[in-house]
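As a plain string of letters, each chain reads:
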Amino acid sequence: MIIVVIINYVNLKLKLRGFETRPGLRRAHNKLSLFEQEIMSYVPASGCATAEPSPVASPAATRSTRAPAPQRRDFEAKLRAFYRKLESKGYGQGPGKLKLHIRREHLLEDAFRRIMSCSKKELQKGKLCVLWDGEEGLDYGGPSREFFFLLSRELFNPYYGLFEYSANDTYTVHVSPMSAFVDNHHEWFRFSGRVLGLALVHGYLLEAWFTRALYRALLRLPPALEDVDALDAQFAASLRWLQSARCVSSLELTFAVSERLADGRVLERELKTGGRDVPVTERNKKEYLEKLVRWRVERGVAEQSEWLVRGFHEVVDPRLVGAFDARELELVIAGAPELDVADWRNNTEYRGGYHDAHPVILCFWQAIDRFTNEQRLRLVQFVTGTSSIPYEGFSALRGSTGPRRFCIERWGRIESLPRAHTCFNRLDLPPYPTLQLLHEKLLLAVEETNTFGIE
């Protein structure tokens, strides 16, 4: 049996307007969205069961007494080392200048023309100088900061069609499959990558938050199962079901998927060479899931993402950013806003017997008070999938099915590690008997790896 994904793309040629001159990004009349309906079903054979979630700690929990390497845990030290390397290699130091003459009323168009006309050397070495047309003043940081703030609000706005909101919320974005209809989209994604690189090199934050898959792509890391949540929570749930299924052989799956397009054609795509003839078994299930995840994350956007990454690496050597993981790169590019712990606590709900005055919950908030802001952001990333919080605060958090507050649920045994359900903004927290143990387990869960304990 082949997993059949039916994709109905509306045969739509976007009616675009906007810039009087090419290269071609133009406003759509209406906010763009992906016109896509998916049907995915597994039909287990009789007697095929799935493994029940176990409260027993994952294999990694046996390492809980081992402290993570300091260089992996100290994000601020990594960041300082990163900018020292940039300085030592002459990034953004001149002697030449990267002058950007920008008209406010033509911000996106002027930025595109100037940045895309630069050589790789100019982008890497030039000392940035933003000059707003008709406004006097020297750029000691303020004009550049405003430039990246305003530009990112425009460029990464789903209104333009290059990016779209994730399936989980309305503040994180990822590459839109509908971007293929935007004129000259290859160059616009290359430009987007260059903007990300320039902001990183010169230390300016962007008013944009991306799904984790995009940060992984910038680091040339393979996509993870959690990335599918931002695209299709139901599809991700199906993959997790398959991950825990005990008799996958009886499903008669192969390393191939079929896509039915709007014109009625069915395209079979092999996940590996000769995949249609390779059955999925317990021995190769892990490989199958990894390839299926990559296919789902990259479907319809692989080419656009590659151009974005190419533009990013034209500004920043990939070896320099390789010291970061995807969550750290998110903090570098989007910034580390100071979290309001009081707002966080006031908008947290509890399940499984926990409540605001429960001893474990009291220890939890004491542990949060001990955390640095960066560690708090990592915990928010761990539970929600992103460090970005809506400007309204924690009360406006959303999950895959709509508004969903931060939630802490009792789960597992004291030897278990906390786990997260990013679709539901839920932290499964075992009933640790002491503040010290809870503090250590939380730190291990959120800092040890990228995808530790995430479901």
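Residues numbered from 1 in each chain as written. Predicted model: local features only at pLDDT ≥ 70, side-chain atom pairs only at ≥ 80, totals over all residues. Heavy atoms only, no water.

## Digging into the overall build of the chain
Part 1: When you go through the chain residue by residue, the secondary structure sums to 17 helices and 15 strands.
Part 2: For the chain, buried positions account for 53% of its 455 residues.
Part 3: Put simply, 73% of the contacts in the chain that link residues at least 6 apart link residues at least 24 apart.
Part 4: Counting only carbon and sulfur atoms, one obtains 51% of the accessible surface of the chain, whose full area is about 20800 Å². (Helix = DSSP H or I, 4+ residues; strand = E, 2+ residues; numbered from the N terminus. Buried < 20%, exposed > 50% of the residue type's maximum accessible area, 1.4 Å probe, protein only. Contact = heavy atoms within 4.5 Å. Areas by Shrake-Rupley, 256 points an atom, 1.4 Å probe, with all protein chains shown as cover.)

## Quick word on the sheet that holds strand 14 (residues 419–421)
Picture the strands of a sheet paired through backbone hydrogen bonds; they go either parallel or antiparallel.
Part 1: Taken together, 4 strands build an open sheet; the order of strands is 10-13-15-14 and the sheet is mixed. Because the sheet does not close on itself, it has two edges, and the strands there are strand 10 (348–351) and strand 14. Each strand axis lies, on average, 25° off the axis of its neighbour in the sheet, ignoring direction.
Part 2: With 4 bridges joining them, strand 10 and strand 13 (residues 406–410) adopt parallel strand pairing. (Pairing = 2+ DSSP bridges. Axes fitted to C-alpha atoms, helices over the stretch in contact; angles between N-to-C directions.)

## Regarding the packing of aromatic side chains
Part 1: With the rule as written, the count across this model stands at 20 aromatic pairs.
Part 2: Arranged with centres 5.5 Å apart and planes meeting at 85°, the rings of Trp188 and Phe191 form a pair that is edge-to-face. Within this pair, Trp188 and its partner Phe191 are both found in helix 6 (residues 185–202), separated by 3 residues, close to a single helical turn.
Part 3: An aromatic cluster of at least three residues, connected via ring pairs, comprises Phe156, Phe163, Phe189, Phe210 and Tyr215. (Phe/Tyr/Trp six-rings, centres within 6.5 Å; stacked < 30°, edge-to-face > 60°.)

## Details of the pattern of salt bridges
Part 1: Enumeration according to the criterion identifies 28 salt bridges in this entry.
Part 2: Of the charged contacts in the structure, one is a salt bridge between Lys272 and Glu287, with a shortest N-O distance of 3.1 Å. Of this pair, Lys272 sits in the loop between strand 9 (266–270) and helix 10 (285–298) while Glu287 sits in helix 10, and the two are 15 residues apart along the sequence.
Part 3: Relative accessible area serves as the criterion here: at 26%, Lys272 is assigned to the partly exposed category.
Part 4: For Glu287, a relative accessible area of 29% corresponds to the partly exposed category.
Part 5: A salt bridge links Arg426 to Glu409, with the shortest nitrogen-to-oxygen separation between them at 3.2 Å. Residue Arg426 is found in strand 15 (residues 426–429), and its partner Glu409 is found in strand 13; the two are separated by 17 residues along the sequence.
Part 6: With relative accessibility at 15%, the residue Arg426 sits in the buried group. (Salt bridge = Lys/Arg side-chain N within 4 Å of Asp/Glu carboxyl O.)

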